[in-house]
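The primary structure of each chain is shown beneath.
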Amino acid sequence: MRVDYGAIVENWAFFKKQAPTAAIAAVVKADAYGLGSIPASRALAQAGARVFFTATSAEAALVRKALGEGPQIFVLNGPSADDVALHGDAKLTPILNSLAQIKLWDARGPAGLHIDTGMNRLGIGPEELTQTMMALREVSPTLVMSHLACGSDLKHPMNALQLKRFTDAATLFPKAPRSLAATAGALIGPDYHFDLIRPGVGLYGSGGLDANNPALSTAVNIDAPILQVRDVNAGETFGYGATFTAPKKMRTATVALGYADGYLRSLSGRGYGVLGGAKRPILGRVSMDLVIIDVTDCAEAQAGTMVEFLGPNAPLDDVASLAGTASYEVLTTFAGTVRKMGVRG
Ligand SMILES: *Cc1c(COP(=O)(O)O)cnc(C)c1O
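No experiment lies behind these values; they were computed from the predicted model shown. (Residues numbered from 1 in each chain as written. Predicted model: local features only at pLDDT ≥ 70, side-chain atom pairs only at ≥ 80, totals over all residues. Heavy atoms only, no water.)

**Considerations on the side chain of Ser146**
Inspection of the secondary structure assignment puts Ser146 in the loop between β8 (143–145) and α8 (157–170). Among the residues examined, Ser146 registers a relative accessible area of 1% and is labelled buried. Excluding residues within four positions of it along the chain, Ser146 makes contact with His114, Ile115, Asp116, Thr117, Phe166, Ser179, Leu180 and Arg198. (Helix = DSSP H or I, 4+ residues; strand = E, 2+ residues; numbered from the N terminus. Buried < 20%, exposed > 50% of the residue type's maximum accessible area, 1.4 Å probe, protein only. Contact = heavy atoms within 4.5 Å.)

As structure tokens, then:
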């Protein structure tokens, strides 16, 4: 895995252009979607990012150590009894998601407030807002935020409904900066930008759930070497389950990449590698450490040659859709399983 941290910065700048009146945060949860939260945060902070989001306080503490004091680091999951102290030590800003978390935090420092507007996942429900204001003891939140359920479907009626609910609820906290949009939501239009947008997957080159955005730079490349090239007769079968039968004489390459590396098994018979400027289909099942591709009439196919499985010629959103999943899962499945090599920054 090669990660282009320069591309991540370019994508951050894309959101700056997209939402010129808002601040642009960087969501670096789950180790920056598997790309490395420390190098990603460092590159983004150097480019001017001042606000970061993680899911957990442990992730946030690592980012704090890498960035030093200054940038604001929000913890989306909010505090638990076990990590209230860590929030203080690492100067983290929790997002309070429930009355219980407000009580636990007990106004001991700046905190954001998540208002649920229809996702029903995290956040204060609309019926709890009066109690919330009382529980906050008149301390104004550092941020009021909500999250869109259907942001990548620009015309989905949920967007307008959530926008209205969010705008209404936020009037109760007139001093607090407001944030609603993540990657996809930022593209719906300026009404959704408010004071801060929170792109995550867009920084890493994907348009978001079921979406593609060709304006974004490729941040992740996965390449793997050919171990063996074979000439196979018509009627021969390939790999576990013998799920593919050669319809004619074929040349095939066995490549050192498998689901143990994070290359999803659901890409069996559906994914492809890129070699010699063409897509080379996967034949049969993806194994734990190996995959077989069709390299018939491909002069470049030799033991040791690298094949691209994710990158400019094998776009993340395309691979995700062939795997029947989202770019988020493709990225985080690679996390930690393959060797990372940074390029540019
Ligand atoms: C993960 C997350 C984001 C970032 O979402 P992307 O779709 O990756 O841009 C923003 N806000 C919240 C609350 C999140 O959970």
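**Overview of the domain arrangement of the protein chain**
According to the domain assignment, the protein chain contains domain 1 (2–204) and domain 2 (220–343). Taking only C-alpha atoms, the centre of domain 1 and the centre of domain 2 are 36 Å apart. Facing 13 residues of domain 1, the contacting portion of domain 2 comprises 13 residues. Of the roughly 1200 Å² buried at the junction of domain 1 and domain 2 (both faces included), carbon and sulfur atoms supply 60%. Looking only at domain 1, the three residues that lose the most surface to domain 2 are Arg2, Tyr33 and Val201, adding up to 53% of its buried area. (Domains from an automatic or database assignment. Buried area = accessible area lost by both parts, 1.4 Å probe.)

**Looking at the packing of aromatic side chains**
Counting across every chain of the model gives seven aromatic pairs. Centre to centre, the rings of Phe166 and Phe194 are 5.1 Å apart; their planes meet at 85°, and the pair counts as edge-to-face. Here Phe166, found in helix α8, pairs with Phe194, found in the loop between β9 (178–179) and β10 (196–197); they are 28 residues apart in sequence, far enough to count as distant. Given a relative accessible area of 16%, Phe194 falls into the buried group. The rings of Tyr33, Tyr204 and Tyr328 are connected pair by pair, giving a single aromatic cluster. A cation over an aromatic ring shows up here: Arg108 above the ring of Trp105, its NZ or CZ 5.9 Å from the ring centre. Across from the ring centre of Tyr272, 4.6 Å away, lies the NZ or CZ of Lys279, which sits over that ring. (Phe/Tyr/Trp six-rings, centres within 6.5 Å; stacked < 30°, edge-to-face > 60°. Lys NZ or Arg CZ within 6 Å of the ring centre and 35° of its normal.)

**Focus: the side chain of Ser217**
By the element assignment, Ser217 lies in the loop between β10 and β11 (220–232). Among the polar contacts listed, one links the side chain of Ser217 to the side chain of Glu10, at a separation of 2.7 Å. (Polar contact = N/O pair within 3.5 Å; in protein donor to acceptor, adjacent residues only side chain to side chain.)

**A short note on the layout of surface pockets**
Approximately 630 Å³ is the volume found for the largest pocket. Lys29, Arg121, His147, Ala182 and Tyr328 are, among the 33 residues lining the largest pocket, the residues nearest its centre. Only α2 (29–33) and α10 (327–334) provide two or more residues apiece to the lining of the largest pocket. A volume near 260 Å³ is recorded for the second largest pocket. For the second largest pocket, the lining is made up of 14 residues, of which Met1, Asp223, Ala224, Met306 and Arg339 are closest to its centre. With five residues, the top contributor of residues to the lining of the second largest pocket is β11. In terms of residue class, the lining of the second largest pocket is built from nine nonpolar, one polar and four charged. (1 Å grid on protein atoms, 1.4 Å probe; cavity = no way out; pocket = protein on both sides within 12 Å on 5 of 7 lines; lining within 4 Å. Points joined across faces, edges and corners; volume = space filled by probe spheres on them. Nonpolar A, V, L, I, M, F, W, Y, C, P; charged D, E, K, R; others polar.)

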